[in-house]
Amino acid sequence: MTMNQPSEALAVAKPGLTYLPRDPRLLELVARAQLALGQNAEAAKTLETLTEVRPELLEARLYAAQAQAAINQIDRAIEHLDEALQIEPEHTRARMALSKLLIKKGQLERARKEIDILKTASPDDPEVLDQEAVLVYLEGDRKQAVEIYRQAFELSPDTNRVIALSQAELRSGQMAEAHSNLKAWVDEHPQDTAARRELAKLYESVHDIDAAEEQYARLAQELPEDASILNNYAWVAWKKGNTAQALKTAERAHALSPDSPEIQDTLGAILVDNGDYTRALELLQSSSSQLPDNPTIKYHLAQAHLGVNNRKEGLRALREALESNRQFQERAAAERLLRSLEFTP
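Rules used in this analysis
- Residues numbered from 1 in each chain as written.
- Predicted model: local features only at pLDDT ≥ 70, side-chain atom pairs only at ≥ 80, totals over all residues.
- Heavy atoms only, no water.
- Helix = DSSP H or I, 4+ residues; strand = E, 2+ residues; numbered from the N terminus.
- Rg over C-alpha atoms; globule rule 2.2 N^0.38 Å.
- Buried < 20%, exposed > 50% of the residue type's maximum accessible area, 1.4 Å probe, protein only.
- Contact = heavy atoms within 4.5 Å.
- Areas by Shrake-Rupley, 256 points an atom, 1.4 Å probe, with all protein chains shown as cover.
- Phe/Tyr/Trp six-rings, centres within 6.5 Å; stacked < 30°, edge-to-face > 60°.
- Lys NZ or Arg CZ within 6 Å of the ring centre and 35° of its normal.
- Patch = residues over 30% accessible without salt bridge, like charges linked within 9 Å, V, L, I, M, F, W, Y side chains within 5 Å.
- Salt bridge = Lys/Arg side-chain N within 4 Å of Asp/Glu carboxyl O.
- Axes fitted to C-alpha atoms, helices over the stretch in contact; angles between N-to-C directions.
- Parallel < 35°, antiparallel > 145°, perpendicular 65-115°, else oblique.
- Left-handed = near helix turned anticlockwise from the far one by under 90°.
- Nonpolar A, V, L, I, M, F, W, Y, C, P; charged D, E, K, R; others polar.
- Expected span 1.5 Å × (residues − 1).
- Arc of directions from axis to C-beta.
- Core = buried A, V, L, I, M, F, W, Y, C linked by side-chain atoms within 4.5 Å.

The helix and strand inventory of the protein chain stands at 20 helices and zero strands. Over its C-alpha atoms the protein chain spans a radius of gyration of 26 Å, topping by over 25% the 20 Å that the globule rule assigns to 345 residues. Along the three orthogonal principal directions, the C-alpha set of the protein chain runs to about 80 × 50 × 40 Å. For the protein chain, with 345 residues in total, the buried portion stands at 44%. Here the analysis covers contacts within the protein chain between residues at least 6 apart in sequence; of these, 45% occur between residues at least 24 apart. Total accessible area on the protein chain is roughly 17600 Å²; 48% of this is exposed by carbon and sulfur atoms.

The full count for this structure, using the stated rule, is two aromatic pairs. For the pair Phe-153 and Trp-185, a centre-to-centre distance of 5.8 Å together with 65° between the ring planes defines the contact as edge-to-face. Taken together, the residues span a long stretch of sequence, with Phe-153 in helix H9 (residues 142-155) and Trp-185 in helix H11 (residues 175-188) at a distance of 32 residues. Residue classification places Phe-153 among the buried positions, given a relative accessible area of 16%. Given the relative accessible area of 9%, Trp-185 is considered buried. Judged by centre distance (5.2 Å) and plane angle (65°), the rings of Trp-235 and Trp-238 are edge-to-face. Placement of the pair is Trp-235 and Trp-238 together in helix H14 (residues 227-240), with a separation of three residues, close to one helical turn. Using a relative accessible area of 15% as the deciding quantity, one classes Trp-235 as buried. Trp-238 gets classed as buried once you look at its relative accessible area, which sits at 12%. The side chain of Arg-171 reaches across the aromatic face of Tyr-137, ending 4.4 Å from its centre.

The next thing to look at is a nonpolar patch on the surface. Together, Leu-170, Met-175 and Val-206 make up an exposed nonpolar region whose accessible area comes to about 200 Å². Within the fold, Met-175 resides in helix H11.

When you line up the elements, His-207 lands in the loop between helix H12 (193-205) and helix H13 (209-222). Counting along the chain gives 32 residues from His-207 to Lys-239, while the straight-line C-alpha distance between them is 9.7 Å.

It is worth spelling out the packing of helix H6 (residues 92-105) against helix H7 (residues 108-121) at this point. Any two packed helices are characterised by how steeply their axes cross, that is the angle between the axes, and by the distance between the axes. It is the contact of H6 with H7, at a shortest axis distance of 8 Å, that shows an interaxial angle of 155°. The angle between H6 and H7 falls in the class roughly antiparallel. For H6 against H7, the interelement crossing comes out left-handed. Across the interface between the two elements, Thr-92, Arg-95, Met-96, Leu-98, Ser-99, Leu-102 and Ile-103 of H6 pack against Leu-108, Arg-110, Ala-111, Glu-114, Ile-115, Ile-117 and Leu-118 of H7. For the contact of H6 with H7, a count of residues per class yields nine nonpolar, two polar and three charged.

It is worth spelling out helix H16 (residues 261-274) at this point. Compared with the 20 Å implied by 1.5 Å per residue over 14 residues, the 20 Å span of H16 between its first and last C-alpha is a close match. Across the 14 residues that make up H16, a large majority, eleven, are buried. On its buried face, H16 sits against H14, helix H15 (243-256), helix H17 (277-290) and helix H18 (295-307). Just downstream of H16, Gly-275 is the residue with a positive phi angle, here 85°.

Because an α-helix packs 3.6 residues into every turn, residues spaced three or four apart end up facing the same way. The end-to-end C-alpha distance of H15 is 20 Å, a good match for the 20 Å that 14 residues give at a rise of 1.5 Å each. Where H15 is concerned, the buried positions are Ala-246, Thr-249, Ala-250, Ala-253 and His-254. Down the axis of H15, the smallest arc covering the buried residues is 140°, so these residues share one side. Looking at H15, the residues exposed on the side facing more than 90 degrees away from the buried face are Ala-244, Lys-248 and Ala-255. Those residues of H15 that are buried lie in contact with H14, H16 and H17.

Let us look at the nonpolar core. One finds Tyr-149, Val-162, Leu-182 and Tyr-216 to be the most contacted residues of the largest nonpolar core, which totals 35 residues. Listing elements by their share of this core, those giving two or more residues are helix H8 (126-139), H9, helix H10 (159-171), H11, H12, H13 and H14. The element that contributes the greatest number of residues to this core is H9, accounting for six residues. For Tyr-149, the contacting residues outside a window of four places in its chain are Asp-130, Ala-133, Val-134, Ala-164, Leu-165, Ala-168 and Arg-171. By size, the runner-up hydrophobic cluster in this structure holds 28 residues, among which are Leu-281, Leu-283, Ala-302 and Leu-322.

Written as structure tokens, this is what we have:
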């Protein structure tokens, strides 16, 4: 069954429940419309009634689990999936959904049993392998998780799997392999913006600013309304010393998402570098109020305060940045600035 017009279906079917509150066909139609519209809490209530009326309906149990999981009622979702497997023990989709929720709940021993059942039935199913890789990683065997991710990718290569594989390789210290896999995929699929974004982040993480800028510049062309991409492009352009491009791009990102603390920070830092301390201070105060524990923002805020000759507030922000004991990219520069201020009357 399809749900092409959920709003219309809900408008027609829901009033009928006033007169037939336990009619299974009406309940199913209303619940599916609610799910299609993202009304998960309402759908969960409707499906609880449906499973009371028709406890033997497999699809009702699956829909109920979906709705309960969407509102973070994981225990109840698990109960519905257990009931679904009582109805049909060989139902792969129900067992897959159950294993995911068990992992989410941290019930790894039981999740292992469910995944072993799935693997016995379908040893080369890439979706089963995806789940096993997550479980193995959480069990602590990072290298084995990489091998399972690789097996899933080789069986059915796609964007999600190449990203999952590269992230697993990074976590296990296999930087060269992560780069090689992502780069090869992006070269073969140049329109895959999700994989290119991951490649850009990888370059940024290893401070290869030239390569990161190249990837973000391409992404900014392909996704000109993506404020996050523009923000990252502005940041790496600024780090490379391309201040004009950085400022232009940061202004575009800020126009698209003016309340984002990350974008306010980027634009504020670039404005500090350009000597526009007054506007920078306004942006960085807003950014710091939203992310008060972020030492990078505190450092940039200190610079803006100092730029408008507000030494007291500048010192306070600088000390807060350094007292956090959190590592941040500009920590050494912040320490040098503090030392210079402390030795200056």
